Amino acid sequence: MVKRTGLLLLATLLAFSVMLNSCDTDVDLIAPYKTVPVIVGVLDHAVDTQFFRINRTFLGEGDANLFAGIKDSVEYPDGTVEAWIIKYQAPNASSTNIDSWTKLDSILLQPIDIPSRSPGVFYQTNVRYYYTAQPIFTASQITNIANMRYQLRANLNGRTVTGVTNFPTINQGNINYPSASPIPIRLPFYSPQSMTYLNVNFQYVMNSGTVRYEGVLRLNFNADMTDGSTLTNQYIDYNLGSNSNPEGINDERNFTFNSENWYEFVGLRLGEIEGLKKVRVQDVQFRLTGGNQELDTYINVAQPVSEFVPVLNTYTNLSNEAIGIFASKTQIARTAYLDEPTMGQLAFGPYTEGPCYCVTWVVGTAFNCSASPDTCP
């Protein structure tokens, strides 16, 4: 259970940092010692803070696992890294010639040490990231996002590494269901007539400007605790899967899930909150993330895992013999409410029983958090 924050990117970057696996370039772990930059950065349209890992390999004669446990073998010394995000506008969406682009702005990345990481082979204290909280586009630029280009430029102890990315062209028109409505539609997850959990389809349209699609069903809520406190802006994400569209086909696709699995998953996550008394459901969101070509290729080829591990092969879209990825993704969301049988199963069903449940919307519901007398004491 985490709060909404740009730090959500940290989990992704930890997963993508040093573990790359491809068939393009071999790295000899017992070669004479050399430093190779390893950079991982994914610009995220949906967050207000962008994070990057800027590391170096620990290649040399000896035990690579021993090198991995030494911070100085993996990170550059303080003061030897200067990294920028440079914004450009291209003359058209298909332009790849950087000499024809118009430079708009430069954003300096700042270092920050993150103290927490799960135990493992690699060092876990004060892991160095580079970040910016400066907006990477303006309101006017987002309407012309297909023509925007971003260059990562890093000076690493006198060695310059660059990479270029652009945002995928995904927008609200890509979501077919839940349908758009001034008042969010109410979704059925449970049938009281047949007493069965329903299959739910998240419908979206692929297009030529986006290569990778990932779906999430998010439950947004506030939590009242037995000690009288309230946890605000909480959410639970239920992953729906991913699809690739390397051919650029314009086609409708579905993320389909059985709601019984969703109830079970939500119940387990809520059970992790000690002292939970009341769940104030705000809404649910179907969230669709679109990734560009570089991100799709990296994920398919590298198969990143959830721990730092030494690697033998690499995939990269960076210059000057650096390995890693500089890519981007865009996230859109469609808000919906839950219908009465669905809320009833949440409140009284076997998977989520325990806390009391109410909703913050006020139309057509017996689970109104503001009802008098309180339907959820």
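For every chain, the first residue of the written sequence is number 1, and numbering continues from 1 along that sequence. pLDDT decides what is reported in this predicted model: residues at 70 or higher carry local features, side-chain atom pairs at 80 or more are listed and counted, and totals for whole chains, interfaces and linings draw on all residues regardless. Note that water and hydrogens are dropped before the side-chain values are worked out from all heavy atoms of the structure.

The next subject is the pattern of salt bridges. By definition here, a salt bridge exists when the distance from a side-chain nitrogen of Lys or Arg to a carboxyl oxygen of Asp or Glu is within 4 Å. Inspection of every chain in the model, using the stated rule, returns eleven salt bridges. Residues Arg280 and Asp224 are paired through a salt bridge, measuring 2.9 Å at the closest nitrogen-oxygen approach. Pair noted here: Arg280 is in strand E19 (residues 276-291) and Asp224 is in strand E16 (residues 212-225), with a separation of 56 residues, a long-range link. Glu272 is paired through a salt bridge with Arg269; the nearest N and O atoms lie 3.6 Å apart. Counted as one network, the salt bridges with shared partners bring together Asp78, Asp113 and Arg128. Numbering of helices and strands starts at the N terminus; helices are DSSP runs of H or I of at least 4 residues and strands are runs of E of at least 2.

Before going further, it helps to spend a moment on the side chain of Gln141. As for its position among the elements, Gln141 is in helix H4 (residues 139-142). Type-normalised accessible area, obtained with a 1.4 Å probe on protein chains alone, sets the label of each residue: buried when under 20%, exposed when over 50%, and partly exposed for intermediate values. Owing to a relative accessible area of 15%, Gln141 belongs among the buried residues under this scheme.

Between rings of Phe, Tyr and Trp, where Trp is taken as its six-membered ring, a pair exists when centres lie within 6.5 Å; planes separated by under 30 degrees are stacked, by over 60 edge-to-face, and by other angles tilted. Applying the stated rule across the entire model yields 21 aromatic pairs. Centroid distance Phe189 to Phe257: 5.9 Å. Interplanar angle 90 degrees. Geometry classified as edge-to-face. Here the residue Phe189 occupies a position in the loop between strand E12 (186-187) and strand E13 (190-191), and Phe257 occupies one in strand E18 (residues 251-258), the gap between them amounting to 68 residues. Each member of the pair, Phe189 as well as Phe257, is classed as buried. By way of ring pairs, the aromatic residues Phe189, Tyr190, Tyr197, Tyr238, Phe257, Trp262, Tyr263, Phe265 and Tyr351 are connected into one cluster. Consider the ring centre and the ring normal. A charge sits over the ring if Lys NZ or Arg CZ is within 6 Å of that centre and within 35 degrees of that normal. If you follow Arg218 out to its NZ or CZ, it ends over the ring of Tyr235, 3.5 Å from the centre.

Our focus in this paragraph is the sheet that holds strand E11 (residues 175-177). Taken in spatial order, the three strands line up as E11-E15-E18 in an open sheet, and their pairing is antiparallel. In the strand order of this sheet, the two ends are held by E11 and E18, each with one partner. Neighbour-to-neighbour, the strand axes of the sheet open up by a mean angle of 25 degrees, direction not taken into account. Sheet topology note: the E11/strand E15 (residues 199-206) ladder contains two bridges and is antiparallel. Residue pairing in the sheet places Ile175 in a bridge with Tyr204 of E15. Sitting on the sheet, helix H5 (residues 259-271) touches E15 and E18, and the angle it makes with E18 is about 60 degrees. Here the rule is simple: two strands pair whenever DSSP picks up at least two bridges between them. All axes here are fitted lines through C-alpha atoms, helices being fitted over the stretch that makes contact, and every angle between N-to-C directions spans 0 to 180 degrees. Here a residue-residue contact requires only that any non-hydrogen atoms of the pair lie within 4.5 Å.

Moving on: the sheet that holds strand E9 (residues 148-156). The strands that make up a sheet are held in pairs by hydrogen bonds between backbone atoms, and each pair lies either parallel or antiparallel. Spatially, E6-E5-E9-E10 is the arrangement adopted by the four strands of the open sheet, whose pairing is antiparallel. This sheet does not close on itself; its edge strands, each paired only once, are strand E6 (102-108) and strand E10 (159-165). Neighbouring strand axes in the sheet, compared pairwise and without regard to direction, differ in orientation by 20 degrees on average.

Our next topic: the packing of H5 against helix H7 (residues 340-348). How two helices sit against one another is set out by the angle between their axes and by the gap between those axes. Two elements in contact, H5 and H7, have axes whose closest approach is 11 Å; the angle formed by their N-to-C orientations is 40 degrees. Here H7 runs oblique to H5, going by the angle between their axes. The handedness of the crossing between H5 and H7 comes out as right-handed. Between H5 and H7, the residues in contact are Trp262, Tyr263 and Val266 and Thr342, Gln345 and Leu346, respectively. The classification used treats Ala, Val, Leu, Ile, Met, Phe, Trp, Tyr, Cys and Pro as nonpolar, Asp, Glu, Lys and Arg as charged, and all other residues, Gly among them, as polar. Of the residues contributing to the contact of H5 with H7, the split by class is four nonpolar, two polar and no charged. Between 65 and 115 degrees an angle is taken as roughly perpendicular, under 35 as roughly parallel, over 145 as roughly antiparallel, and anywhere else as oblique. The sense of a crossing depends on the near helix, which, turned anticlockwise from the far helix by less than a right angle, makes the crossing left-handed and, turned clockwise, makes it right-handed.

Geometric values such as these leave the question of function open.
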